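# What the coordinates show
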Amino acid sequence: MSILKQNPLPFFINGQYISPIGRQTFENINPANGSLNFNILEGNADDIDHAVSSARSALTGPWSNIDIDKRASLLHKVADLIDNRRDEFLRAEILDTGKPIKLAGHIDIPRGAANFRIFADIIKSQSDETFRMPTPDGGEAINLTVRKPKGIIAVICPWNLPLLLMTWKVAPALACGNTVVVKPSEETPATATLLGEIMNDAGIPPGVYNVVHGFGPDSAGEHLTRHPDVDAVTFTGETITGASIMRSVADDIKDVSFELGGKNPAIIFADADFEQAIEGTSRSVFANCGQVCLSTERVYVERPIFDRFTEELRKCASNLVRGDPFTQETSLGPLISHTHRNKVLSYYRRATELGANVIVGGGAPDMPEPWGKGCWIEPTLWTGLEESSPIVKDEIFGPCCHLSPFDDIDEVIGLANDTEYGLAATLWTQDVKKANQVAARIESGITWVNCWFLRDLRTPFGGTKKSGIGREGGEYSLEFYTELQNICLKV
Ligand code: NAD
């Protein structure tokens with residue numbers, strides 16, 4: 001029987017699925033049709049304690065005795081096993097998120113496996129550094145700078161790309177010799193749970209990978225970040241949650257890596273390849289129903305092409321196909337939950353109250369059965385709002401954006417940077433010199449030119465300003481997941 005059929009959905013601690021007696025449970029709802037996916041156990045402080053002590057035993061025990069070659073080959077095995085069970089992971093991810101199979105099959109699940117492969121390979125290519133120095137007595141000393149695992153890493157995940165974003169942290173953590181306790185989003189517990197079976201089948205020692213379900217404040221999330229034996233916290237989620245986690249870890253001075261929110265601009269110059277810019281901008285606004293930290297929510301279009309661009313983007317929005325996430329035709333899934341839909345709809349209402357021109361959408365569609373109880377929403381475009389309006393300032397995290405015209409480069413750079421976030425930006429122009437000059441002045445962790453969501457996993461990923469702390473990706477992940485020690489040896 002699949003572990004996902006167990007009711008309630010259990011924790012995975014010390015290599016075993018466990019369901020402690022007397023815990024509260026909560027429901028997980030399929031956002032496409034409103035049906036019950038799972039009842040889930042909610043972890044308390046004792047469960048976190050159990051998971052952390054298992055992670056500690058594995059860290060100082062079996063995991064520390066496995067050399068880098070063996071560790072890397074185990075992680076490759078994990079990747080292969082995810083690939084072998086691709087359809088199960090795909091189904092679990094779609095039931096949890098409602099995202100279209102075309103997207104999850106192309107991005108979420110393959111990237112889940114790829115994350116293990118890339119960090120397995122990176123860790124094998126690492127070498128320690130040595131620095132020779134003369135000593136005052138005419139001798140010599142050799143400094144040996146070594147990377148050690150940081151310890152127990154708390155991994156706190158969001159719901160928008162559950163397997164992809166969790167493995168983006170679990171894979172480098174394990175590659176570097178750490179052990180992890182994962183707190184998946186309460187909205188998307190399935191693939192993190194399923195991964196426990198893969199870890200066991202791959203031969204990863206018990207206690208290296210642990211999962212405890214629950215919520216954030218006063219629940220498993222906060223217990224985990226506050227646990228005194230956790231060495232560092234890697235978190236992806238909302239900026240406001242990041243601030244709260246920072247307060248939780250302050251007393252113990254735990255290291256944090258934060259991938260937070262964004263309000264990402266796209267700048268379309270009149271000399272852009274128009275078709276390419278439309279296709280890329282449409283994807284960047286509507287993919288995953290706008291629930292990607294890298295989604296575009298502000299579009300600045302050079303005035304001569306503003307009307308034409310707005311009209312073509314409207315056509316793209318109107319052509320999106322809602323419906324069964326398991327069919328290839330569906331291009332727009334639901335939002336993750338009714339709570340989130342209420343939040344997005346409140347911005348839709350606010351935009352109208354503030355006098356926006358609603359180019360398309362602006363509400364929730366009537367869906368035929370069996371989708372009537374799902375969290376569906378219309379893709380929406382606005383023009384005409386002040387830059388200071390909450391629609392242009394706040395991260396909405398839905399399939400929507402505001403479009404404004406601009407007249408010159410300095411103006412548009414000022415507009416693009418006028419945000420508390422700094423995660424991603426996208427430029428569309430055929431003038432390479434202009435692209436280079438503008439990109440250099442944009443305050444963002446990643447700037448795409450004539451593309452969007454193109455990622456080489458060796459490159460640094462993260463945000464400036466309130467979009468995050470630190471960079472993960474390729475060798476940059478080692479900065480967070482290892483502790484450097486210098487050993488000075490007088491010879
Ligand atoms: P969220 O912050 O609400 O929740 C994320 C996780 O944190 C969940 O597992 C939640 O249970 C947990 N949590 C909440 N409060 C906590 C607390 N006080 N202590 C410990 N854990 C706590 O985020 P979300 O709604 O799941 O995800 C959407 C957000 O994530 C958006 O803001 C989006 O931009 C951001 N995001 C950022 C990136 C990035 O790479 N920068 C990637 C994906 C998503």
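Look a little higher up for the structure.
What you see is a predicted model, and the numbers here were worked out from it, not measured in a lab.

What counts, and where the lines are drawn
Residues numbered from 1 in each chain as written. Predicted model: local features only at pLDDT ≥ 70, side-chain atom pairs only at ≥ 80, totals over all residues. Heavy atoms only, no water. Helix = DSSP H or I, 4+ residues; strand = E, 2+ residues; numbered from the N terminus. Contact = heavy atoms within 4.5 Å. Areas by Shrake-Rupley, 256 points an atom, 1.4 Å probe, with all protein chains shown as cover. Lys, Arg positive; Asp, Glu negative; His and termini not counted. Charge placed at Lys NZ, Arg CZ, Asp CG, Glu CD. Near = heavy atom within 4 Å. Polar contact = N/O pair within 3.5 Å; in protein donor to acceptor, adjacent residues only side chain to side chain. 1 Å grid on protein atoms, 1.4 Å probe; cavity = no way out; pocket = protein on both sides within 12 Å on 5 of 7 lines; lining within 4 Å. Sits in = over half its atoms within 2 Å of the grid points. Nonpolar A, V, L, I, M, F, W, Y, C, P; charged D, E, K, R; others polar. Points joined across faces, edges and corners; volume = space filled by probe spheres on them. Pairing = 2+ DSSP bridges. Axes fitted to C-alpha atoms, helices over the stretch in contact; angles between N-to-C directions. Core = buried A, V, L, I, M, F, W, Y, C linked by side-chain atoms within 4.5 Å. Buried < 20%, exposed > 50% of the residue type's maximum accessible area, 1.4 Å probe, protein only. Salt bridge = Lys/Arg side-chain N within 4 Å of Asp/Glu carboxyl O.

### Details of the overall build of the protein
Assigned secondary structure in the protein consists of 15 helices and 22 strands. A sequence separation of at least 24 residues applies to 74% of the contacts in the protein between residues at least 6 apart. Split by element, the accessible area of the protein, about 19,700 Å² in all, is 51% carbon and sulfur. In the protein, 46 positive and 64 negative side-chain charges are present, and the distance between their average locations comes to 1 Å.

### Regarding the site of the ligand
Not every one of the 30 residues close to the ligand is listed here, only the nearest: Lys183, Glu186, Thr241, Leu260 and Glu395. Within the backbone of Cys157, one N or O atom sits 2.7 Å away from an oxygen atom of the ligand. In the environment of the ligand, an oxygen atom lies 2.7 Å from a nitrogen or oxygen atom belonging to the side chain of Glu186. Considered on its own, the ligand offers 860 Å² of accessible surface; in the complex 93% of this is hidden by protein. When each cavity is represented as a set of grid points, the ligand is found to reside in the largest pocket. Looking at the shell around the ligand, the elements that each hand over two or more residues are α7 (220–226), β10 (232–236) and α8 (239–250). No other element matches the three residues that α8 contributes to the shell around the ligand. Of the residues that constitute the shell around the ligand, the class distribution is 15 nonpolar, nine polar and six charged.

### Some details on empty space enclosed by the protein
Rolled over the atoms, a probe sized like a water molecule indicates the empty space that remains. Using the criterion set out here, one finds six cavities of 30 Å³ or more in the structure. When its volume is computed, the largest cavity comes out at roughly 130 Å³. Around the largest cavity, the lining residues are Arg111, Leu161, Leu164, Leu165, Trp168, Glu259, Val292, Cys293, Leu294, Phe453, Arg455 and Phe461. Per element, the largest residue contribution to the lining of the largest cavity is three residues, and it comes from helix α5 (residues 162–175).

### Let's talk about the sheet that holds strand β16 (residues 400–406)
Reading across the sheet, the seven strands line up as β14-β15-β16-β13-β12-β18-β19 and stay open at both edges, with mixed pairing between neighbours. Edge strands, defined here as strands with exactly one partner in the open sheet, are β14 (357–360) and β19 (446–449). Shown here is a sheet whose adjacent strand axes are inclined to one another by a mean of 25°, direction ignored. Sheet topology places strand β12 (residues 264–268) next to strand β18 (residues 424–428); three bridges connect them, and they run parallel. Pairing of Ile267 across the sheet is with Leu427, part of β18. Here helix α10 (residues 306–319) sits on the sheet in contact with β12, β13 (296–302), β14, β15 (380–383) and β16, set at roughly 170° to β16. Along the sheet, helix α14 (residues 432–441) makes contact with β12, β18 and β19, crossing β18 at roughly 160°.

### Some words on the sheet that holds strand β5 (residues 129–134)
Here we have three strands laid out as an open sheet, ordered β5-β6-β22, and antiparallel in their pairing. Of all strands in the sheet, those with a lone pairing partner are β5 and β22 (482–490), marking the two edges. Looking at each pair of strands side by side, their axes are set apart by 20° on average, direction ignored. Two elements, β5 and strand β6 (residues 140–149), share six bridges in a ladder whose sense is antiparallel. Bridge pairing links Met133 to Ala141 in β6.

### Re the nonpolar core
Counting residues in each nonpolar core, the largest one holds 76 residues, and the members touching the most others are Phe116, Val170, Leu195, Tyr209 and Leu294. Here this core takes eleven residues from helix α4 (residues 101–124), the largest share from any one element. Every residue in contact with Tyr209, bar those within four places of it in the chain, is listed here: Phe12, Met166, Val170, Val180, Val182, Ala192, Leu195, Gly196 and Met199. Counting residues in hydrophobic clusters, the runner-up holds 29 residues, among them Tyr348, Ala356, Ile377 and Leu427.

### As for the side chain of Arg71
For Arg71, the position within the fold is in helix α2 (residues 68–84). Despite being buried, Arg71 has no salt bridge partner; Asp67 is the closest side chain of opposite charge, sitting 7.3 Å away.

### Observations concerning the pattern of salt bridges
Side-chain pairing between opposite charges can occur once the charged atoms of the two side chains come close. Tallying each qualifying case throughout the model produces 30 salt bridges. We note a salt bridge from Asp231 to Arg56, for which the minimum N-O separation is 3.0 Å. Of this pair, Asp231 sits in the loop between α7 and β10 while Arg56 sits in helix α1 (residues 45–60), and the two are 175 residues apart along the sequence. With relative accessibility at 24%, the residue Arg56 sits in the partly exposed group. The partner of Glu311 in a salt bridge is Arg314, and the shortest N-O contact between them spans 2.9 Å. Pair noted here: Glu311 and Arg314 are both in helix α10, with a separation of three residues, about one helical turn. Given the relative accessible area of 31%, Glu311 is considered partly exposed. Of the residues examined, Arg314 reaches a relative accessible area of 26% and is grouped as partly exposed.

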